[in-house]
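Listed below are the residues making up each chain.
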Amino acid sequence: MKKTTLTGICLALALTAGAQTRGGGISAETMQKIEKMQTATPKAVFNAMASNKIDNIAKNFSNRTTFDTHFSVETPSQNIHDQKSSGRCWMFSGFNVLRSDFARQHADSLVVEYSHDYLFFYDQLEKANLMLQGIIDNAKKPIDDVRVQFFFKNPLNDGGTFCGVADLAPKYGLVPKQVQPETFSAENTSKISSLISSKLREYGLELRKMVSDGKKQKAIEDRKAEMLGTVYRMLAMTMGEPVKEFTYQFRNKEGKPVGEPRKFTPKQFYDYTVGRPLEGTFIMVMNDPRRPYHKTYEVEYDRHVYDGQNWKYLNLPMEDIANLAIASLKDGKKMYSSYDVGKQFDRDLGYLDTENYDYGSLFNTTFPMTKAERISTYDSGSTHAMTLSAVDLDANGKPIKWKVENSWGPNNGDKGCLIMSAKWFEEYMFRLVVDKKYVPENLLKEFDQKPVMVMPEDPLFGVDE
């Protein structure tokens, strides 16, 4: 018996050893082939690479001569804000558009700056409700269902799109930045977000059990309200109780008071400074070369408010998107836009250009993927929203470069702004929100066609942060 057992053990080990290299493992023979392909790295090159950031070695210094700050079409500048350690770029960019519109309406004689802390409170509360209600809606599906997993994996985040501003601001109103200033947790969202996410996952399991146990809808709704009460308390303790009424005096660009102080509720302040619903006044366009152009798409569950609007966009070639942006900028109107801002970014200059870094020469290889291929393989996608504010046109009216107002503070980039070449814009720009007044009739009709529903797991539909 001992001999038989030993033989069996040896046979099992032999099979296991063989399985380690079967079907694609790195065998000793494969390793030899890999090593034979190598050429010796010069010692000086290794020393430089081992002691410095890769970007410092790969930087194409001759490309810095292409950087300049002149723009033929530029909207009026405004104060640059700082989102700090948070993913609220979507709100900062959206607010930049709203406060710019307010200044335009008053011929720049009045300015306003909105509280990000105030609306972020309601953004987080609404997203918590979206998650809990999504769990209820899908409670009869198995827990490993893709949609159920979506909610448990992403119970809460601080990213978003302009649709969040469009749904939240009219519903809850706006308040001035001075009335409800930033708190530490508003500027550093990771901890409170993780704590609330943990509670939401716990609550999600409880709600699923209530549904499986056959509890009445009223009981489930009441329990969900109690859960949201806990989330509200956690938000209020870290971001402050939302302001209900306040007194405010407008000021001009020099900071001098204009008119008399007035009392406002947040909704009254929204009506006074924005003056219209946002939904229905704009279209979102996107460049996704994987899908047919001139088709409208809608992203399921990609919204901030459960009873709000899914993110819906018209897919267009970059030339059409550029034309929309130019028309808006020529009329002095800024726009929400988003990009893969980490690619080919010279942080010292605040300059984005496809030739800023020569990684191919450095590593003796190439990086030839197209925009569509980068999106499909999760190599690129929209990561950060900024406010499109200027364009430089050549003699034929074609863009040479673009400028955006960023939300990383006034000392970042070019006085708080980033400048991007036309080539970089074409490769790494994804989303644009443009007022319908600048959109040709044929594109408006295309936007109104029945959308193709796509899922939020798609590599291009992550939130802007």
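Moving on, we come to helix α5 (residues 89-105). Helix length check: α5 (17 residues) gives 24 Å between terminal C-alpha atoms against 24 Å at 1.5 Å per residue, within 8%. Most of α5 is tucked away: 15 of the 17 residues are buried.

Working definition: an aromatic ring pair is given by the centre-to-centre distance plus the angle between the planes. Counted according to the given criterion, the structure contains 29 aromatic pairs. Centroid distance Phe-151 to Tyr-301: 4.8 Å. Interplanar angle 85 degrees. Geometry classified as edge-to-face. With Phe-151 in helix α7 (residues 146-153) and Tyr-301 in the loop between β5 (295-299) and β6 (311-315), this pair connects stretches of sequence that are 150 residues apart. The class for Phe-151 is buried, based on a relative accessible area of 2%.

Looking now at the state of the cysteines. All chains considered together, the criterion is met by zero disulfides. Note on Cys-89: no disulfide assigned, nearest cysteine sulfur contributed by Cys-163 at a separation of 13 Å.

Moving on to the side chain of His-304. Here His-304 is to be found in the loop between β5 and β6. Classification of His-304 as buried rests on a relative accessible area of 4%. At 2.7 Å, the side chain of His-304 and the side chain of Asp-123 are in polar contact. A polar contact is formed between the side chain of His-304 and the backbone nitrogen of Thr-161, at a distance of 3.3 Å. Ignoring anything within four residues of it in the chain, the contact list for His-304 reads Trp-90, Asp-123, Glu-126, Lys-127, Gly-159, Gly-160, Thr-161, Cys-163, Gly-164 and Leu-168.

This next bit is on the packing of α7 against helix α10 (residues 190-212). For the pair α7 and α10, interaxial distance at closest approach is 9 Å and the crossing angle is 145 degrees. Across the interface between the two elements, Val-148, Phe-152 and Lys-153 from α7 touch Arg-201, Gly-204, Leu-205 and Arg-208 from α10. Counted by class, the contact of α7 with α10 contains three nonpolar, one polar and three charged residues.

As enumerated under the stated definition, the model contains 32 salt bridges in all. In this structure, Lys-403 and Glu-74 form a salt bridge, with 2.5 Å as the shortest nitrogen-oxygen distance. On the criterion of sequence distance, the pair formed by Lys-403 in strand β11 (residues 399-405) and Glu-74 in strand β1 (residues 73-74) is long-range, its members being 329 residues apart. The exposure class assigned to Lys-403 is buried, which follows from its relative accessible area of 11%. Exposure remark for Glu-74: the relative accessible area of 44% places this residue in the partly exposed category. Close ionic contact of Asp-288 with Arg-291 constitutes a salt bridge, the shortest N to O distance being 2.9 Å. Comparing Asp-288 with Arg-291 shows no difference in burial state: the two are buried. Residues joined by salt bridges that share partners form a network here, namely Lys-59, Arg-64, Asp-346 and Asp-348.

Attention now moves to the nonpolar core. With 77 residues, the main nonpolar core has Leu-119, Leu-174, Phe-269 and Leu-278 as its most contacted residues. Leu-174 has contacts with Phe-95, Leu-98, Tyr-114, Tyr-118, Leu-119, Ala-169, Phe-246, Pro-266, Phe-269, Tyr-270 and Val-274, leaving out every residue within four places of it along the chain. Listed in part, the 36 residues of the second largest apolar core include Leu-324, Val-404, Phe-425 and Phe-447.

For strand β4 (residues 282-286), the tally of buried residues reaches five of five residues, placing the bulk of the element in the interior. Going residue by residue along β4, you find Phe-282, Met-284 and Met-286 tucked away on one face and Ile-283 and Val-285 tucked away on the opposite face as well. Both β4 and β6 contribute to a ladder of two bridges, which runs parallel. Along β6, the bridge assignment pairs Val-285 with Leu-314.

Further remarks concern the environment of Lys-84. Inspection of the secondary structure puts Lys-84 in the loop between β1 and α5. Overall, the relative accessible area of 44% leaves Lys-84 in the partly exposed class. A C-alpha to C-alpha distance of 27 Å links Lys-84 and Lys-267, two positions 183 residues apart in sequence.

Now for the pairing of β11. Within β11, five of the seven residues are buried, which leaves it mostly tucked inside the rest of the structure. Relative to β11, strand β10 (residues 384-393) runs antiparallel, the two being bridged by six bridges. Paired with Leu-388 across the strands is Val-404, a residue of β11. In this structure, β11 lies alongside strand β12 (residues 417-421), joined through five bridges in antiparallel fashion. By the bridge assignment, Glu-405 is partnered in β12 with Cys-417.

Two elements in contact, α5 and helix α6 (residues 116-137), have axes whose closest approach is 11 Å; the angle formed by their N-to-C orientations is 130 degrees. Relative to α6, the element α5 lies oblique. Crossing angle aside, the handedness with which α5 passes α6 is right-handed. In this structure, α5 uses Trp-90, Met-91, Phe-92 and Phe-95 to contact α6, whose residues at the interface are His-116, Leu-119, Phe-120, Asp-123 and Lys-127. Counted by class, the contact of α5 with α6 contains six nonpolar, one polar and two charged residues.

Below, the discussion takes up the confidence of the model for the protein. Of the residues in the protein, 95% have a pLDDT of 70 or more, and the chain-wide mean is 93. Note on residues 1-5: pLDDT is under 50 here. Beyond four places in sequence and across chains, it has zero contacts. Every residue in residues 9-19 is under pLDDT 50, and counting partners more than four places away or in other chains gives zero contacts.

Rules of the game
Residues numbered from 1 in each chain as written. Predicted model: local features only at pLDDT ≥ 70, side-chain atom pairs only at ≥ 80, totals over all residues. Heavy atoms only, no water. Helix = DSSP H or I, 4+ residues; strand = E, 2+ residues; numbered from the N terminus. Expected span 1.5 Å × (residues − 1). Buried < 20%, exposed > 50% of the residue type's maximum accessible area, 1.4 Å probe, protein only. Phe/Tyr/Trp six-rings, centres within 6.5 Å; stacked < 30°, edge-to-face > 60°. Disulfide = S-S within 2.5 Å. Polar contact = N/O pair within 3.5 Å; in protein donor to acceptor, adjacent residues only side chain to side chain. Contact = heavy atoms within 4.5 Å. Axes fitted to C-alpha atoms, helices over the stretch in contact; angles between N-to-C directions. Nonpolar A, V, L, I, M, F, W, Y, C, P; charged D, E, K, R; others polar. Salt bridge = Lys/Arg side-chain N within 4 Å of Asp/Glu carboxyl O. Core = buried A, V, L, I, M, F, W, Y, C linked by side-chain atoms within 4.5 Å. Pairing = 2+ DSSP bridges. Parallel < 35°, antiparallel > 145°, perpendicular 65-115°, else oblique. Left-handed = near helix turned anticlockwise from the far one by under 90°. pLDDT = per-residue confidence, 0-100.

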